[in-house]
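Secondary and tertiary structure notes
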Amino acid sequence: MKEIFSNGVLHKNPLLMYAIGLCPIVAVTTTLRQAVAVSIVTSIITIVVCMLTNLFIKKLTMWIRVAVYFGIAICVLIPSVWLIDFIFPNVSSGLGIYVALLSVNTLYLYRSEGFSRKNTFGKSVLDALFTSLGYTLAACIIGAIREILANGTIWDKKLPFGTIIPAFSKPFGAFIIIGFVAAVFAAISNFASTQHYVTIDFDEIEDEADNAAINALEKKMSNGGSFEVKVLSEEGTTYDE
Amino acid sequence: MMNSILNMVIAVLGTLLIQNIVFYSGYGVSEMLRLAMRPKYFVFMSGMVIYFSVALSMVSYFIERKSTFLSRYDKIIVRGVEYALILLVLYIITVLVMKYVFRAEQQKIKRTSIAAFNSLVLAVPLLNDESRFSFSASIGNAIGCALAFVVASVLVSTALVSIDNESMPKAFKGLPALFIFVGILSLAFMGFSS
């Protein structure tokens, strides 16, 4: 549970470490209140899709699964928006067309395909909860910083600052703030990480039967701990497999 | 006829050059970054984004004329759901054709789902609706939005080499530096539009 929590919130934060679900964050989370509204809708959709994936959908073929995820997201969107209207009147109307676009937020696709369909129901729900929590945390930090810098307020309450920079309510301001917040999260993740990263170039192993890499992996495994294997793609960039 | 073509060209140029919709409004930015980082299926993905944007825009044009009795906000949600359902049907038809007619490989079908279900594709008919575009301008806007996505991917992928340097603090390496680079590009495109 601790590992699922730390991965969802910090090490594999979907927004800051994988750039997932950026569109509404960049465009409309100019205030903390809007960030909370976007995060609640996204989280509800993600949790429902992940739960249903684990219970019913995981045995379908990939392309049908994706269509079903999207169908569920469309069905969950309207009640989620009603809930937001009830909790924060007039906030969702300020989100414009981005409300409708929350149904194509890739967060649910990323967790359903990456985790829910391969694990138990309990783990799947926990993962969806903590990944959504990580997304919400990142979105709220970004929304709060933008609101403070661009409006001089927090949760619509005036702060005693003389200088405001309205440009931070624009998308370019959001990207720059996301960059700095992502760097802070990366630094904390590096500091707190208990994982041992081993990068293996499979082409190299195939060519020379690279015993050094295999020995290093075995040595790390004998010391315990969790592992993440990163595969080098043809272009030389690494990505999780 | 000439007027329609002119409308289409103006819409393409406006969305692509003056107001690059990915940098200016953030539509499809997650998929754009992922495509820039993994360019193996660049041509295929770009083609698919153009196809879905244009096809959804064309079909949606005829739907949008019917429901005019709702308030602006309700209309956005209802039409968003309508367009999402059309997109779902388009995706299923496309995958069936790819799978059984063209015998496409699994990876391409996987990429098709990423190209179809992204915020840029779904945003196009909603933007057409907001701007009350004519049929030809709707298609022009769809092509412009999709090309803006392609241009953004190319620009970001060229930056990947230059932001990978040793002098950069470790925490900024990779995605954080890329976010800041995209922010600067976004600022530049904002300068064009204003």
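A brief report on the enclosed structure follows. As the structure is a computational prediction, the values presented were derived from the model and not from experiment.

When helices and strands are counted, chain A shows ten helices and five strands. When the 241 residues of chain A are sorted by exposure, 51% land in the buried category. For chain A, long-range pairs separated by at least 24 residues make up 73% of all intrachain contacts whose partners lie at least 6 apart in sequence. Of the roughly 11000 Å² of accessible surface on chain A, 64% is carried by carbon and sulfur atoms.

Facing the 53 residues of chain B at the interface are 50 residues of chain A. For the pair chain B and chain A, the interface holds zero salt bridges. At the boundary of chain B and chain A, one finds eight residue pairs in polar contact (both at pLDDT 80 or more). Of all the elements in the fold, those that place two or more residues in the side of chain B that touches chain A are α2 (21-25), α3 (29-37), α5 (72-100), α6 (106-116), α7 (119-131) and α9 (175-193) of chain B. At 14 residues, the largest contribution of residues to the side of chain B that touches chain A is made by α5(B). Along the lines of polarity and charge, the residues of the side of chain B that touches chain A split into 34 nonpolar, eleven polar and eight charged.

The next point concerns the side chain of A:S189. Residue and element names in this part refer to chain A. Following the sequence through the fold, S189 ends up in helix α8 (residues 171-192). A polar contact is formed between the side chain of S189 and the side chain of H11, at a distance of 2.8 Å. In contact with S189, other than residues within four places in its own chain, are L10, H11 and M17.

Turning our attention to the state of the cysteines. Enumeration according to the criterion identifies zero disulfides over all chains in this entry. Lacking any disulfide linkage, A:C50 is separated from the closest cysteine sulfur, that of A:C75, by 16 Å. Residue classification places A:C50 among the buried residues on the basis of a relative accessible area of 0%. There is no disulfide at B:C145, and the cysteine sulfur nearest it, in A:C23, is 12 Å away.

Residues and elements named next belong to chain A. Its place among the elements puts I44 in helix α3 (residues 32-57). Distance from I44 to V76, taken between C-alpha atoms, is 7.7 Å for residues 32 residues apart in sequence. Non-local contacts of I44, meaning those with residues more than four positions away in its chain, are made with V76, S80 and L83.

This part is about the packing of aromatic side chains. Tallied over the full model, the rule gives twelve aromatic pairs over all chains. Relative to A:W155, the ring of A:F88 lies with its centre 5.8 Å away and its plane at 70°, an arrangement referred to as edge-to-face. Placement of A:F88 in the loop between α4 (62-87) and α5 (98-101) and of A:W155 in the loop between β1 (153-154) and β2 (157-158) is noted, with a sequence separation of 67 residues between them. Overall, the relative accessible area of 9% leaves A:F88 in the buried class. Judged by relative accessible area, which is 30%, A:W155 ranks as partly exposed. Ring geometry for B:Y91 and B:F117: centres 4.8 Å apart, planes at 55°, overall tilted. Separated by 26 residues along the polypeptide, B:Y91 in helix α5 and B:F117 in the loop between α6 and α7 bring together distant segments of the chain. B:Y91 sits in the buried class, given a relative accessible area of 0%. Judged by relative accessible area, B:F117 falls into the buried class, the value being 4%.

Calculation rules
Every chain begins its residue count from 1, and numbering advances along the sequence as written. Chain A is the first chain written and ligand 1 is the first ligand written, with later ones labelled in order. With pLDDT at 70 or above as the cut-off, local features in this predicted model cover only qualifying residues; side-chain atom pairs require 80 or more to be listed or tallied, and sums for whole chains, interfaces and linings still use all residues. For the side-chain quantities, the full set of heavy atoms in the structure was used; hydrogens and water were omitted. Helix numbers and strand numbers start at the N terminus; a helix is a DSSP run of H or I with at least 4 residues, a strand a run of E with at least 2. The buried label goes to any residue with under 20% of its type's maximum accessible area, the exposed label to any with over 50%, and the partly exposed label to all in between, with areas taken from a 1.4 Å probe on protein chains only. We call two residues in contact when some of their heavy atoms are within 4.5 Å. Methods summary: accessible areas were calculated by the Shrake-Rupley approach with a probe of 1.4 Å, and residue burial reflects only the protein chains presented. Criterion for a salt bridge: a side-chain nitrogen of Lys or Arg within 4 Å of a carboxyl oxygen of Asp or Glu. Any N or O atom pair separated by 3.5 Å or less is treated as a polar contact, with the protein-specific requirement of one donor-capable and one acceptor-capable atom, and with residues adjacent in sequence counted only for side-chain atom pairs. The nonpolar class holds Ala, Val, Leu, Ile, Met, Phe, Trp, Tyr, Cys and Pro. Asp, Glu, Lys and Arg form the charged class, and all remaining residues, Gly among them, are polar. Counting rule for disulfides: a pair of cysteine sulfur atoms within 2.5 Å. Whether two aromatic rings pair depends on their centres lying within 6.5 Å, for rings of Phe, Tyr and Trp, where Trp uses its six-membered ring; planes under 30 degrees apart make the pair stacked, over 60 edge-to-face, and the rest tilted.

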